Protein chains: 2
Amino acid sequence: MESRELRYFVAVAEELHFGRAAQRLGIAQPPLSRAIQQLERRLGATLLDRTSRTVTLTEAGSVLLAEGRAALDAVDAAERRTRRAALSATGRPGLVLVTKASASRELLAKLLDAYAAEPGAVPVDVILCGPAEQERLLREGRADVALLHQPFDSTAGFHTEVLSTEGQVAVLPAGHPLTVRAHVHMADITGLPGLPLPRWPDRDGTYPPGPGPQVRDHAQLLQLVALGRACAVSPESCRTQLHGDLAAVPVLDAPKVTTVIAWPPHSRSRAVADLVRTATRLQ
Amino acid sequence: MESRELRYFVAVAEELHFGRAAQRLGIAQPPLSRAIQQLERRLGATLLDRTSRTVTLTEAGSVLLAEGRAALDAVDAAERRTRRAALSATGRPGLVLVTKASASRELLAKLLDAYAAEPGAVPVDVILCGPAEQERLLREGRADVALLHQPFDSTAGFHTEVLSTEGQVAVLPAGHPLTVRAHVHMADITGLPGLPLPRWPDRDGTYPPGPGPQVRDHAQLLQLVALGRACAVSPESCRTQLHGDLAAVPVLDAPKVTTVIAWPPHSRSRAVADLVRTATRLQ
DNA sequence: GGGCAACGATACCGTCCGGGTATTGATCCG
DNA sequence: CGGATCAATACCCGGACGGTATCGTTGCCC
């Protein structure tokens, strides 16, 4: 199967409309129709049920949509990583590390320092992004390594090494009655009047229904807590980022958060290997 | 980048010889040369250093070789899974589960029975193969799920759920002095005179140097032990497969073996999800 | 119910690109 | 120095891919 065919099919499967898909692909509609027919003939499978009014995915079609996206990602990643490898032979850019903006600055700083001290270290670019975006960047070959936080991030498809495990704290507005407690339980903070837990976007960028404000990153979250509009449960290490108008109380029964360093399999790169080794040796 | 270009490049990179690569691809050499040049131009990277006598990979070239193989695997997997999805809509074949021939028959039997009892269960084909082969079958889309054994198998690139953890036992010829012991340590069985630990093949099919007979599967291993030519350290569950002329003694400090069920990410299939859910509920 | 609009399929055509053969040019070997 | 090997170049051809025009079907709305 050619990747062009896959791109065509994915476009149609996503748009469920030949005309729009063709437009998106920058070709006319008839060649697209033909290409899909040809693909179906070669696969011996009907991928789309189409009337002259509506296009729907068959069972086989949804499989190919999911698998095809992954395959196209892999092809793109191969291209990008090759380009980057070629550049790094001549120019500056070395490794790209991606992590959440909310991640522990301490751990990251220690890691970058330790790695920079290694013999043969290359420059490391750090990308900070919102949750769930790291996975994409890593898969698409725009980044070489990521610091992920289980159980929030999925590590599916990557190699990982555990770096640290920490408990979580409840982040509350300073002066809130609970802040005098030495510790709390989850039950204490769910359903606090006027301080709902916020909602994070799903993998696809939509928000689950329910009460609580919508947040997209940790800064927004802290802002909301400071404003007295929400409370939060965050990894302990976020304490270093709290200002005077925020307080943190350990939550005994919150799930532990594990920070892992993740990288794509097939990574032949010595730089990635060095960085990972350095990270695991940080203890 | 087109998958055809990737296939061409991978062929040349593996053969390090345009003529042989062209032959393998079923095309003539000149178009292949051109295709590679074009790929290099488009990537803006030199992939191969070539004189008229020798071809070698550049740094960027090795990256593209590794990444390109993975990408091509993904494309092939997409194709195969789609074909299978289309078939299963009409014909018999449902899920394909792959596991090592040496794996616990008990666990597998329990899993298959429990799944077959589920509503909406589809037929499950079981493939038994040697170690390290499962990974390939799963990646290539020839199988839907695998039972893997950590730390022996790599689970990189897959979703996994832990099914069970067990200790290991030393497998010895019946009547060996150590078999009267209630348990042993690793130190007791490494370097036993005349009973070396066997060598397993590496990921690439070659054997590491050293003493000890070469084995490719568990049956061979047990055969060698029974013949008094080797001893072995195996998961406890292999006890059910031992005959009268073999004995097992727990090894207290051997690494624990974890059996996991693994499946490729992107699996939209309800059947895979059901099977995994059934597996995790086995406890 | 008929006419219209939307949309995918079909027909047909031109062009560019992928592949083939023949040849050149460079390098290693005897 | 001559021959063999192998990648690159030159040149040509056919087919596949993309474009335009059109058809046929299906909802929809007056």
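In the nomenclature of an unreviewed UniProt entry, chain A corresponds to LysR family transcriptional regulator from the organism Streptomyces cinnamoneus.

(A) Summary view of the nonpolar core. Judged by nonpolar contacts, the single largest core of 62 residues is most densely connected at Phe9 and Leu64 of chain A together with Phe9 and Leu64 of chain B. Listing elements by their share of this core, those giving two or more residues are α1 (3-15), α2 (18-25), α3 (29-43) and α4 (59-90) of chain A together with α1 (3-15), α2 (18-25), α3 (29-43) and α4 (59-90) of chain B. What Leu64 of chain B contacts, discounting residues up to four positions off in sequence, is Ala78 and Thr82 of chain A together with Met1, Leu6, Phe9, Leu39, Leu43, Leu47 and Arg69 of chain B.

(B) Spotlight on the environment of Ala70 of chain B. Its location among the elements puts Ala70 of chain B in helix α4. Spatially, the C-alpha atom of Ala70 of chain B lies 8.8 Å from that of Arg139 of chain B, the residues being 69 residues apart in sequence.

(C) Spotlight on the protein's contact with DNA strand C. DNA strand C sits among 24 residues. The nearest are Ser33 and Arg50 of chain A together with Ala28, Arg34 and Ser52 of chain B. Of what DNA strand C places within 4 Å of the protein, 65% of the atoms are sugar or phosphate. Arg50 of chain A places a side-chain nitrogen or oxygen 2.4 Å from a phosphate oxygen of DNA strand C. Mapped onto the surface near DNA strand C, the elements with two or more residues apiece are α2 and α3 of chain A together with α1 and α3 of chain B. At five residues, the largest contribution of residues to the surface near DNA strand C is made by α3 of chain A. Here the residues of the surface near DNA strand C are counted per class, giving eight nonpolar, ten polar and six charged.

(D) Region of interest: the sheet that holds strand β5 (residues 145-150) of chain A. Residues and elements named next belong to chain A. Across the sheet, which stays open at both edges, the five strands sit in the order β4-β3-β5-β10-β6 with mixed pairing between neighbours. Two strands bound the open sheet, and with one partner strand each, they are β4 (124-129) and β6 (159-166). This sheet shows a mean twist of 25 degrees between the axes of neighbouring strands, independent of strand direction. As defined by bridge partners, strand β3 (residues 95-100) adjoins β4 across six bridges and the pair is classed as parallel. Pairing of Thr99 across the sheet is with Leu128, part of β4.

(E) Highlighting the protein's contact with DNA strand D. Around DNA strand D there are 24 residues in total, and Tyr8, Ala28, Arg34 and Ser52 of chain A together with Arg50 of chain B lie nearest to it. The sugar-phosphate share of atoms of DNA strand D within 4 Å of the protein amounts to 63%. The separation between a phosphate oxygen of DNA strand D and a polar side-chain atom of Tyr8 of chain A is 2.7 Å. The dominant element in the surface near DNA strand D, judged by the number of residues it contributes, is α3 of chain B, at five residues. Looking at the surface near DNA strand D, its residues break down into eight nonpolar, ten polar and six charged.

(F) Geometry of the domain arrangement of chain A. Under the domain assignment, chain A is made up of domain 1 (3-78), domain 2 (94-159 + 261-281) and domain 3 (168-251). Centre-to-centre separation of domain 1 of chain A and domain 2 of chain A, based on C-alpha positions: 34 Å.

(G) Structural view of the sheet that holds strand β8 (residues 232-235) of chain A. Residue and element names in this part refer to chain A. On the basis of which strands lie adjacent, the open sheet formed by three strands has the order β8-β7-β9 and antiparallel pairing. In this open sheet, the two strands that pair with only one neighbour each are β8 and β9 (246-251). Neighbour-to-neighbour, the strand axes of the sheet open up by a mean angle of 40 degrees, direction not taken into account. The pairing of strand β7 (residues 168-173) with β8 spans four bridges and is classified as antiparallel. Directly across from Val169, in β8, lies its bridge partner Ser234.

About the cut-offs
Residues numbered from 1 in each chain as written. Chains lettered and ligands numbered in written order. Predicted model: local features only at pLDDT ≥ 70, side-chain atom pairs only at ≥ 80, totals over all residues. Heavy atoms only, no water. Core = buried A, V, L, I, M, F, W, Y, C linked by side-chain atoms within 4.5 Å. Buried < 20%, exposed > 50% of the residue type's maximum accessible area, 1.4 Å probe, protein only. Helix = DSSP H or I, 4+ residues; strand = E, 2+ residues; numbered from the N terminus. Contact = heavy atoms within 4.5 Å. Near = heavy atom within 4 Å. Polar contact = N/O pair within 3.5 Å; in protein donor to acceptor, adjacent residues only side chain to side chain. Nonpolar A, V, L, I, M, F, W, Y, C, P; charged D, E, K, R; others polar. Pairing = 2+ DSSP bridges. Axes fitted to C-alpha atoms, helices over the stretch in contact; angles between N-to-C directions. Domains from an automatic or database assignment.

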